[in-house]
Amino acid sequence: MSDTHANTLGWLLDEQLGSVEGVRYAVLMSGDGLLKARTRTISQEDGEKLAALTASLRASGRAWDEFTGGQGVRQQLIESVSTIGLTTAAGHHTMLSVVTTGPHADVGLISHHMALLVVRLGEQLGTRERTPVLQPDGGPAA
């Protein structure tokens with residue numbers, strides 16, 4: 001896999017979120033958990049783990065939303081003893097996730113910067129959904 005910090009989006013995450021007080025690191029991922037970009041403050045391996053974990057949490061959030069009739073998940077927040085995690089939709093089939101430096105980080109400020117980034121880049125952040133390659137007989141490719 002290529003280095004997801006060296007790409008343009010990694011640089012942009014650093015510029016737009018890496019300098020915000022209270023942000024430990026940020027990742028951009030596809031809806032199915034594939035890492036697209038990360039700030040320099042998280043390793044490639046840990047970025048991939050966070051992307052996969054965030055995708056599973058997002059799936060749980062969608063199930064909760066469906067159960068409660070919420071009409072769509074905009075943002076998720078996980079608050080633990082020592083940190084806060086924020087995840088927001090960032091384009092078609094794409095999510096942006098931020099982990100804070102501590103439990104007293106300014107979540108409103110961080111969310112605002114996340115929203116600005118998403119609005120600024122809009123469709124450029126989108127990811128095409130992966131679809132299985134089918135054989136001529138209609139079965140999945142080996």
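An unreviewed UniProt entry annotates the chain as Roadblock/LC7 domain-containing protein of Streptomyces drozdowiczii.

Colleague: What is the right way to look at the side chain of Thr88 in this model?
Modeller: With respect to the element layout, Thr88 can be found in strand 4 (residues 84-89). Polar contacts involving the side chain of Thr88 include one to the main-chain carbonyl oxygen of Arg74, which spans 3.1 Å.

Colleague: Could you clarify how one ought to interpret helix 1 (residues 8-18) in this entry?
Modeller: Residues spaced three or four apart along an α-helix point in a common direction, a consequence of the helix completing one turn every 3.6 residues. Within helix 1 the residues assigned to the buried category are Gly10, Leu12, Leu13, Asp14, Gln16 and Leu17. At its buried positions, helix 1 is contacted by strand 1 (23-30), strand 2 (35-38), strand 5 (94-100) and helix 3 (107-121).

Colleague: Looking at this structure, how should I read the side chain of Thr87?
Modeller: Here Thr87 lies in strand 4. Judged by its relative accessible area of 8%, Thr87 falls in the buried class. In this structure the side chain of Thr87 is engaged in a polar contact, spanning 3.2 Å, whose partner is the side chain of Ser97. Once you skip the residues sitting within four places of it in the chain, Thr87 turns out to touch Thr54, Arg58, Arg74, Gln75, Gln76, Met95, Leu96, Ser97 and Met114.

Reading guide: rules and limits
Residues numbered from 1 in each chain as written. Predicted model: local features only at pLDDT ≥ 70, side-chain atom pairs only at ≥ 80, totals over all residues. Heavy atoms only, no water. Helix = DSSP H or I, 4+ residues; strand = E, 2+ residues; numbered from the N terminus. Polar contact = N/O pair within 3.5 Å; in protein donor to acceptor, adjacent residues only side chain to side chain. Buried < 20%, exposed > 50% of the residue type's maximum accessible area, 1.4 Å probe, protein only. Contact = heavy atoms within 4.5 Å.

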